[in-house]
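Geometric and topological summary
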Amino acid sequence: MKKKIKIALAGNPNSGKTTVFNNLTGARQHVGNWPGVTVEKKEGSFFYEGREFDIIDLPGIYSLTSHSLDEKVARDFLLEEKPDVVVVIIDASNLERNLYLAVQLLELEVNLVLSLNMIDLVKKKGMKIDMEELSRVMNIPVIETIANKGKGMDELKAAIKSSCNQEKAVTFKIDYNNDIEKEVEKLSQVLKEKKILENYSRRWLVLKLLEQDENILEKVKKLEDKDEVTNKITETITKLEKHFGYDLETAIVQRRYAFLRGLVKECCTHVVGIKERKEITDKIDQIVTNKFLGIPIFLGLMWASFQLVFTLGSPLADLIDAFFGWVGEIISLGLTALSAPGWISSLLVDGIIGGVGSVLVFLPNILLLFLIISVLEGSGYMARAAFIMDRVMHAMGLHGKSFIPMMLGFGCNIPGIMAARTLESEKDRILTILVNPLMSCAARLPIYTLFAGVFFARHQGLVVFSLYFMGIVLAIVVARIFKSIFFKQEIAPLIMELPPYRLPQVKSVLIHMWEKGSLFLKKAGTIIFAGVIIIWVLASLPPGVEYAAKESLIGKLGSLIAPLFSLAGFGTWQAAVSLLFGIVAKEIVVGTLGTLYGVEGIGLKSVILQQFTPLSAYAFMAMSLIYVPCIAAIATIKKETNWKWTALAVGYSLILGWIVAVLIYQIGSLFI
Amino acid sequence: MNFLSPSLEDYLETILINSFRGKVVRVKDIVKSLNVKASSVIGAIKILSSKGLVNHEKYGYIELTAKGNIAAEKIYQKHQVLFNFFHKILGIDIKAAIKDACQVEHYIGEETVKKIAQLVEFTETLSPQKRDLWFSDFHNFIKKGSLNQKEITRKKGQKEEKKTMPLVFTLDKLKIGQKAAIIKINPKSVIKKQLLSMGVVPGIEIEVCKVAPLGDPIDIKIKGYHLSLRKEEAAHIEVEVLK
């Protein structure tokens, strides 16, 4: 039995890494988290010539310093897990910067295969890259690929296979000037004598120490006789800095880039002289980030996105709704025919089918939302959105990059909260996480669609848009308040690449959609299912009580808290109970209402029409938007921060939700 | 150190500057920079290498030795001081200031350079308003040959004659379409690591492409890709404007 071969995929953001990954693995992949942190970890596998290859997609990074969590995760994996082969995906149309990561990996002495991706774009630009020269200088295999067309994948697999058979191929070395080299030599000797961190490449270690890499410095500081080494390092740095006249890290990085510049010059030739032609990206940006058009286009796109979710999603949702109604009826009839006890029929039809059905109905909307999000990301517009919105985000105490977690929050707060990992500063991250639940996630959609559909049928889009907008405004206010209370200091910088516009890949979009959609389904299948069963039990106890009657446990609980909500116009025990169980997951608010009123679909709509007024319906929707993140979100917040911040997130949203709902109802009542 | 002729000093300086720009230095680079014949460059490099100031072996790259680096830095520093004095204080335009600095650097004594450097530094410690006032008064004086009383007793903070003001260039001050070369990133700024790894290294050419609709952040083109950053971050990057 041959051992599986472990491969890691590395590359800059936007280098087409994910597309290569999807091409290599196809459906044989799954998404998880890196242990201990919540950076997304994609794993997959493929067979080639009878051997199995496990492939891990590292986060998209520019270098192997440890200034961001993504870089640290990638680096730790390479250092600790020691994959057999690392494939670096290079955006060939931006060779120099992309190769920087490859050079760092070579210094780390990993077994490298270079995939020059998007080579077709290079040819379009009238450039030619000399693969052989590149391969010779760096002493690694170089493969041309066009991942979005699936080209070069077999060659890549072959190169991976032959590369993992080689023992240690790396003899690559950048010549930093004489003075640095001498010191590197001396320090290497010291480390060798002291036997310090021997499982790392020594030269790499010394260079990282000279670059004052915090992570590595910490590791050295943990050792026993560290003093001599740390002193020696500080001494060397001071000496070299005095000699160069500026800081050593800059000097080292500068030399790395100098090497690359020379290399790229030698390997690239302009075949045709179409230099300085305005690229398509620049042309699009001239319009999309235009001083006057930029913001209207941005708002227009957001508006169009939500219209799309509704107009396209609702007919499909109706179909699923009809299907579940039909299934419920069949089972109910069948059970009656078998003369099963009433409670079994009730559990199946009222509890399980009613509840889960009410959730699945909204899958089309959720899939569409993720479709839009992944198109925005894949096309490169997401970065422009951050570029356009940064001034605003910055003003609310956040970061242009916070826009992305916020935007994702519209789909589901859980990936939104997780995406806050892209923020380097902890303060930005915590603020972004705290206000993220105010971004109206797709799970609140069922509530909006139901209520807006019943009370504001003609302006459904507008009403729902107003709720999303309300969430944003509240997020701004809350973020500002929290920032002035908890974080008065400066916030993190915005340094972000604006990638070239690209046509999103159908395959990547579909995989992304499927991933997020199935994540939602898993949630629906476990937490929500449990929630629905608990409701059913509470609604059926004490024994003998009529299902979900006021005398049931759930009815008593609801009656207890209902008076709190009479100020907001929905002081019924059913509304109170449904909100209570919305904490389990916001999706089940509608499901609970259905169960409590003992109806679903059209029936539920007519009951709601009697129980609510348009005003109290709006207050109820606002309450559902704001109050307490769902259990999954609470768990994620806890995972990303600590109990203190989690408690704050729960506490403030509960109070704020109630205040807003009451204000809407009371002020609204003055006018209507 | 032995005596070096002005032209040898120029060679040393050129090698140093070229290496700042992040390039490996070849004979042809020096030919281009100094506009001299390749044969004279080779001759000069031989002399410098016999004095132990440069290494010239591998692949035809030229590299300063530690000793050579010190000598070159010394000349370069003189050059910088003189250039700053000519350009920032006297208001001589960039080209002429560079040319004159190149001449004077070989003959001026260390004591004089030190005093000039201190003068330049002194003007930089003045409050911005005071400095503006001082400079505009000085430039008016040059124009008119005298300074009338009104201008002297002017209230502070008043802006005037902005055009004649010498500019300290940080990236945030550039306008759309301007090109510049990176000089350095403030070594104390927290963004240094990230910028360096994205290729923002001294010597690299950048172009300011656009400003976000709301006035911030800005977008620059560097190494063929677009990078956006806020003005407050751009203020940590010192650049030299290219025409």
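Residues numbered from 1 in each chain as written. Chains lettered and ligands numbered in written order. Predicted model: local features only at pLDDT ≥ 70, side-chain atom pairs only at ≥ 80, totals over all residues.

Further remarks concern the overall build of chain B. When its secondary structure is counted, chain B shows 10 helices and 8 strands. For chain B, the share of sequence-separated contacts (at least 6 apart) that also reach a separation of at least 24 residues comes to 54%. (Helix = DSSP H or I, 4+ residues; strand = E, 2+ residues; numbered from the N terminus. Contact = placed C-beta atoms within 7 Å.)

With that settled, consider the overall build of chain A. Scanning chain A from terminus to terminus reveals 29 helices and 10 strands. Within chain A, the proportion of its 672 residues that are buried is 47%. The contacts of chain A with a sequence gap of at least 6 include a subset with a gap of at least 24, amounting to 72%. (Buried ≥ 20, exposed ≤ 12 C-beta atoms within 10 Å, placed from the backbone.)

All right, on to the pairing of strand β5 (residues 205–211) of chain B then. Residue and element names in this part refer to chain B. The pairing of strand β4 (residues 179–185) with β5 spans 3 bridges and is classified as antiparallel. Across the sheet, residue Ala 181 finds its bridge partner in β5, namely Glu 205. Where β5 folds back on strand β6 (residues 218–222), the antiparallel hairpin that results is connected by 6 residues, among which Gly 215 adopts a positive phi of roughly 95°. (Pairing = 2+ DSSP bridges.)

Judged by pairing direction, the sheet is antiparallel, and its 6 strands sit side by side in the order β10(A)-β7(B)-β6(B)-β5(B)-β4(B)-β8(B) without closing on themselves. In the strand order of this sheet, the two ends are held by β10 (495–498) of chain A together with β8 (237–242) of chain B, each with one partner. Averaged over all pairs of adjacent strands, the angle between strand axes in this sheet comes to 40°, irrespective of strand direction. (Axes fitted to C-alpha atoms, helices over the stretch in contact; angles between N-to-C directions.)

Contacts between the two partners involve 40 residues from chain A, matched on the other side by 39 residues from chain B. Mapped onto the side of chain A that touches chain B, the elements with two or more residues apiece are α3 (95–107), α7 (178–194), α11 (248–267), α13 (294–337), α16 (381–395) and β10 of chain A. Split into classes, the residues belonging to the side of chain A that touches chain B amount to 15 nonpolar, 14 polar and 11 charged. Inspection of the sheet shows β10(A) paired to strand β7 (residues 225–229) of chain B by 4 bridges, in the antiparallel sense. When the bridges of β7(B) are listed, A:Leu498 appears paired with B:His226. (Nonpolar A, V, L, I, M, F, W, Y, C, P; charged D, E, K, R; others polar.)

Before going further, it helps to examine the sheet that holds strand β1 (residues 25–26) of chain B. All names here are of chain B. On the basis of which strands lie adjacent, the open sheet formed by 3 strands has the order β1-β3-β2 and antiparallel pairing. The open sheet terminates on both sides in strands that have one partner only, identified here as β1 and β2 (54–56). Where β1 meets strand β3 (residues 61–64), 2 bridges bridge the pair, whose relative direction is antiparallel. When the sheet's bridge partners are listed, Arg 26 is paired in β3 with Tyr 61.

Counting buried residues in helix α19 (residues 426–435) of chain A gives 9 out of 10 residues, a clear majority hidden from the surface. Among all positions in α19(A), only A:Lys427, A:Asp428, A:Arg429, A:Ile430, A:Leu431, A:Thr432, A:Ile433, A:Leu434 and A:Val435 are buried.

Residue and element names in this part refer to chain B. Put simply, helix α1 (residues 6–20) and helix α2 (residues 27–34) touch, their axes get as near as 10 Å, and they point 110° apart. With respect to α2, the element α1 is oriented roughly perpendicular. Relative to α2, the crossing made by α1 is right-handed. Contacts from Asp 10, Tyr 11, Thr 14, Ile 15 and Asn 18 in α1 reach Asp 29, Ile 30, Ser 33 and Leu 34 in α2. The residue makeup of the contact of α1 with α2, split by class, is 4 nonpolar, 3 polar and 2 charged. (Parallel < 35°, antiparallel > 145°, perpendicular 65-115°, else oblique. Left-handed = near helix turned anticlockwise from the far one by under 90°.)

Residues A:Leu9, A:Val88 and A:Ala619 are the most contacted members of the largest nonpolar core, which totals 210 residues. By residue number, the principal contributor to this core is helix α27 (residues 614–626) of chain A, which donates 10 residues. Counting 8 residues, the second largest nonpolar core, distinct from the first, contains B:Val81, B:Phe86, B:Ala101 and B:Val113. (Core = buried A, V, L, I, M, F, W, Y, C linked by C-beta atoms within 7 Å.)

Right, let's get into the confidence of the model for chain B. Residue and element names in this part refer to chain B. Per-residue pLDDT for chain B has a mean of 79; in total, 84% of the residues score no lower than 70. Taken element by element, chain B is modelled with least confidence in helix α8 (residues 149–152), mean pLDDT 48, and with most confidence in β6, mean pLDDT 93. The low-confidence segment residues 149–167 (pLDDT under 50) makes 18 contacts with residues lying over four places distant or belonging to another chain. At the level of chain-chain contacts, confidence expressed as ipTM amounts to 0.77, with global pTM at 0.70. (pLDDT = per-residue confidence, 0-100.)

Attention now goes to the environment of A:Leu95. Residues and elements named next belong to chain A. Inspection of the secondary structure puts Leu 95 in helix α3. Sequence-wise, Leu 95 and Leu 263 are 168 residues apart; in three dimensions their C-alpha atoms are separated by 9.9 Å. Look past the residues within four positions of Leu 95 in its chain and what remains in contact with it is Ile 90, Val 264 and Cys 268.

Bringing the pairing of strand β5 (residues 85–91) of chain A into the picture now. All names here are of chain A. Most of β5 sits out of view: 7 of its 7 residues are buried. The alternating pattern of β5 places Val 85, Val 87, Ile 89 and Asp 91 on one face and Val 86, Val 88 and Ile 90 on the opposite face, and all of these are buried. Relative to strand β6 (residues 112–117), β5 is paired through 6 bridges, and the arrangement is parallel. Bridge assignment links Val 88 to a residue of β6, and that residue is Leu 114. Regarding the hand of the β-α-β motif, the stretch spanning β5, α3 and β6 is right-handed. (Right-handed = clockwise from strand over helix to strand, strands pointing away.)

Residues and elements named next belong to chain A. It is at 9 Å that the axes of α19 and helix α21 (residues 460–486) come closest, and there the two elements cross at 140°. If you check the angle between α19 and α21, you find them oblique. Both α19 and α21 take part in a crossing whose hand is right-handed. Each of Leu 431, Leu 434 and Val 435 in α19 lies in contact with α21, whose residues at this interface are Ala 475, Val 478, Ala 479, Phe 482 and Lys 483.

All right, on to unusual backbone geometry then. Residue B:Pro217 is reached from B:Asp216 by a cis peptide bond, and omega for that bond is -5°. Relative to the helices and strands, B:Pro217 is located in the loop between β5 and β6. Even without being a glycine, A:Gln212 presents a positive backbone phi close to 60°. Using a count of 16 C-beta atoms within 10 Å as the deciding quantity, one classes A:Gln212 as partly exposed. One non-glycine residue, B:Lys223, lies in the positive phi region at around 50°. Residue B:Lys223 is classed as buried on the basis of its C-beta count, with 22 C-beta atoms lying within 10 Å.

By the element assignment, A:Leu134 lies in helix α5 (residues 131–138). The spatial distance from the C-alpha of A:Leu134 to the C-alpha of A:Val264 is 8.3 Å, given a sequence separation of 130 residues.

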